[in-house]
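Architecture and fold: a report
The residues making up each chain are set out below.
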Amino acid sequence: MKISHKIIFANVFNVLLIILTGIFSYHLLDLVLTKLRFTEIADDLNKSFLEMRLSEKNYFLYGDGAALPDILQKLSESKSLIEETKDDIVKATGEENFQQLNESLEAYREAIESAQSGGEAGEALDESQPQEAENAKAKAVEASVREAGQKLREFSSRITRLERTNVNDIISGSRTGLLTSLVVILIPAIAVGQLIARRMLGSFKEIEKAAHSISEGNFSKVELKVSSDELGSVIKAINSMSEELSNREEIIIQSKKLASIGILTAGVAHELGNPLNNISMLAQGYRELYDSLSREERLNFMVEVEEETERIKEIVKNLLDFSKPKEAHLIKMGINAVIEKSLKLVQNMICICNIEVHLCLSDGLPLVMLDVHQIQEVFINLLTNAIQAGSPGDAITVTSRPGEDGGGVEVEIRDNGRGIPAEHLPHVFDPFFTTRGTSGTGLGLFVSYGIIKNHHGSIDVTSEVGKGACFTMRFPACTEGDRN
Amino acid sequence: MANYRIMVIDDENVVGRMIKAVIEQDPEYTVETFLNATPALSRLKEEKFDVVITDLKMKGLDGMDVLRHVKQDSPGTKVIMITAFASLDSAIEAMRGKVDDFFPKPVKIKELKECIRRLLGN
């Protein structure tokens, strides 16, 4: 799944949770509102019922004749209020309680009406009925009215109480519900966020490593399980970029090689120029001086010509060596031993030139596959250059350490001699490039570069004029597949 | 009979030796040879030379350094440059430094001798 899909999915999930919580809260608030509305109605009814009971008391205690019609009036008002707000009441208390309330009202109304009719009849039959019977009947009516009133009031109070409790329950329930939904939203949001962030950061780190390695000129493909998300696309893009860079590098190397051939040819022409000139000079001298030369001197001339041709032969042989580099005989070896051996070989030169050597060799370095003689040649070349770049009292520091990317070995040869001017730095590995006139062949670093490349390593140089130069070589660690 | 003093500076000893042997056949010329420029320039300070023949590419001070010093210390001395670089660039560079003549390798000693003669006005 693509990262954007994951993020959309996580967002949709969270939005759904938020909507659900919203609906839940809305529903709860609606319920609370209904219940509150009912309690308001119930308060009105209760107040009305209380007034009815007061009128009832006035009627029975003080014989207030206006009390009963007043009660009936209030009853009919309450009835119409109940009918008006039937929906709210039913919603809050249920149909059954509504019916019960209606029935209680009806019972009370009937009791009041019978009390009223009883009172009127009592007045009409005042003469015919004995006083006791009348009293008894009046008491029965009073009791039934009181009972109905009592019931109505109690029922109403009970429902009101019940609903208040309900409202409290709902509010505390919704508080718990809201808290729960907050947790339910937060946990997946954090978890999903964390998960995506960790995955992305992990992959970014890998990509950063790959980009870093590419910037160092290592164009090998990024070995990552290619996921189908955007990071997978980035890794694919990096791989194709790396491939393209590798192709370009090959093209550059090819054109450099061509340029090198040009430099090489010019170098060869120059190198051959001197012995050829010498032979020519010897021939001219021989001809000019022939008569004045003794037999032995003439023979010496020819010996010298032969020596010059030997010189030419040597140059041609070396040239063939460069065009067909010797095959490396690689063996598994610790680099420190080669460094120490090379230093021994230049020890005499170091002593004569009065140069200090600091060795910083790391222990436990991985073994590398190398041709001891060839690598020794490289180290001796670099050490000789460093010695010649310095003055008495200067120092050379030779360091070996694990490779920066964790694998392989790095060797650094640093001097604090006169340094290499910036404009010469890109050419130091070119054939016949030298700043030392005829004393340098200009082939040392060129050959060293070839040897290191044959070892699948790399060599580069940094320098500042007056502060010295630093050559850094990187060798890959040998793998299990490498022989001995 | 005039006696001309000629100096040859070349790190290839055959060059100096052959030039000296051939040119000194003519008793008018005395040739001194040097394998590098530093002692040659000290010698130039001691004695006046009529012609200095120098290789362009040498370790230490090179032909151009020699040319500069000679023209500075002894403007009358002629300078002939010998070089293995038979390229136009070096020739132009050498000419710019007011070199009196220029010989690519391999040098014909007879031509060199004629050149010396010409430069000395004979």
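Residues numbered from 1 in each chain as written. Chains lettered and ligands numbered in written order. Predicted model: local features only at pLDDT ≥ 70, side-chain atom pairs only at ≥ 80, totals over all residues. Heavy atoms only, no water.

1. What to know about the overall build of chain A
What counts here: Helix and strand definitions follow DSSP, with helices as H or I runs of at least four residues and strands as E runs of at least two, each counted in order from the N terminus. Areas reported as accessible are Shrake-Rupley estimates using a 1.4 Å probe. Residue values count occlusion only from the protein chains shown.
Regarding its fold elements, chain A presents 11 helices and 7 strands. Only carbon and sulfur atoms are counted for the fraction: they give 58% of the accessible area of chain A, which is about 28600 Å².

2. What about the interface of chain B and chain A?
Stated formally: Between two residues, a contact is recorded if the distance between any of their heavy atoms is within 4.5 Å. In this description, buried area is defined as the sum, over both parts, of the accessible area (probe of 1.4 Å) that is lost when the two are combined. Think of a salt bridge as a Lys or Arg side-chain nitrogen and an Asp or Glu carboxyl oxygen that are within 4 Å of each other. We define a polar contact as two N or O atoms separated by no more than 3.5 Å, with the added condition that, inside protein, one atom must be a possible hydrogen donor and the other a possible acceptor, whereas residues neighbouring each other in sequence contribute only through side-chain atom pairs. Gly is put with the polar residues, along with every residue not named as nonpolar or charged; the nonpolar set is Ala, Val, Leu, Ile, Met, Phe, Trp, Tyr, Cys and Pro, and the charged set is Asp, Glu, Lys and Arg.
Contacts between the two partners involve 21 residues from chain B and, on the opposite side, 20 residues from chain A. Each partner contributes to the roughly 1900 Å² buried at the junction of chain B and chain A, and carbon and sulfur atoms together form 58% of this total. When the buried surface of chain B facing chain A is broken down by residue, E12, M18 and K57 of chain B rank first, second and third, together holding 25% of it. Counting across the chain B and chain A interface gives 3 salt bridges. A salt bridge links K110 of chain B to E288 of chain A, with the shortest nitrogen-to-oxygen separation between them at 3.8 Å. Our enumeration of links across chain B and chain A arrives at 8 residue pairs in polar contact (both at pLDDT 80 or more). Among the secondary structure elements, those contributing two or more residues to the side of chain B that touches chain A are α1 (13-23) and α5 (109-119) of chain B. Of the residues forming the side of chain B that touches chain A, the biggest block, 7 residues, is contributed by α1 of chain B. Classifying every residue of the side of chain B that touches chain A gives 12 nonpolar, 1 polar and 8 charged.

3. Some remarks on the environment of G262 of chain A
Here G262 of chain A lies in helix α6 (residues 230-289). The spacing of G262 of chain A and P431 of chain A is 169 residues in sequence and 9.6 Å in space, taken between C-alpha atoms.

4. Some remarks on the nonpolar core
Note the cut-off: Buried Ala, Val, Leu, Ile, Met, Phe, Trp, Tyr and Cys residues that are joined via side-chain atoms within 4.5 Å together make up what is termed a nonpolar core. Any residue under 20% of the maximum accessible area for its type is buried, any over 50% is exposed, and the rest in between are partly exposed; the area is computed with a 1.4 Å probe on protein chains only.
Counting 39 residues, the largest nonpolar core has I335, I375, F379, F471, M473 and F475 of chain A as its most contacted members. Elements that contribute at least two residues to this core include exactly α8 (335-345), β3 (368-370), α10 (372-389), β4 (395-402), β5 (409-415), α11 (444-454), β6 (458-464) and β7 (468-475) of chain A. Here I375 of chain A is in contact with I335, V338, L370, I451, I452, H455 and F475 of chain A, once residues within four sequence places are set aside. Core analysis: the next-biggest nonpolar cluster, separate from the first, contains 34 residues, M18, I19, L112 and I116 of chain B among them.

5. A short note on the packing of aromatic side chains
Put simply, the rule is: Only centres within 6.5 Å qualify two rings of Phe, Tyr or Trp (six-membered ring in Trp) as a pair; their planes then separate them into stacked at under 30 degrees, edge-to-face at over 60, and tilted for everything else. By definition, being over a ring means that NZ of Lys or CZ of Arg is both within 6 Å of the ring centre and within 35 degrees of the ring normal.
Per the counting criterion, the structure on display carries 6 aromatic pairs over all chains. Ring centres of Y286 of chain A and Y290 of chain A lie 5.5 Å apart, and the angle between their planes is 75°; on these two criteria the pair is classed as edge-to-face. On the basis of an interplanar angle of 40° and a centroid distance of 5.2 Å, the ring pair of F429 of chain A and Y449 of chain A is categorised as tilted. Here the residue F429 of chain A occupies a position in the loop between β5 and α11, and Y449 of chain A occupies one in helix α11, the gap between them amounting to 20 residues. Counting every residue linked through ring pairs, the aromatic cluster contains Y286, Y290 and F301 of chain A. Positioned over the ring face of Y290 of chain A is R298 of chain A, at 3.9 Å from the centre of the ring. Above the plane of the ring of F49 of chain B lies R5 of chain B, whose end atom (NZ or CZ) is 5.3 Å from the centre.

6. Examining unusual backbone geometry
In this structure, P106 of chain B follows K105 of chain B across a cis peptide bond, with omega equal to -5°. As for its position among the elements, P106 of chain B is in the loop between β5 (101-104) and α5. In this structure, N354 of chain A takes a positive phi of about 55° despite not being glycine. Assignment of secondary structure puts N354 of chain A in the loop between α9 (347-353) and β2 (356-361). A positive phi is found at H456 of chain A, a non-glycine position, where the angle reads about 60°. Its place among the elements puts H456 of chain A in the loop between α11 and β6.

7. Focus on the packing of α1 of chain B against α5 of chain B
Residue and element names in this part refer to chain B. For clarity, the cut-off: Between N-to-C directions, angles span 0 to 180 degrees; the directions come from axes that are lines fitted to C-alpha atoms, helices contributing only their stretch in contact. Left-handed describes a crossing whose near helix is turned anticlockwise from the far helix through less than a right angle; right-handed describes the clockwise counterpart.
Remark: α1 packs on α5, axes separated minimally by 10 Å, with the N-to-C direction vectors making an angle of 65°. Note that α1 runs across α5; the crossing there is right-handed. Here α1 contributes M18, I19, V22 and I23 to the contact with α5, which in turn contributes I109, L112, K113 and I116. Looking at the contact of α1 with α5 residue by residue, the class counts come to 7 nonpolar, no polar and 1 charged.

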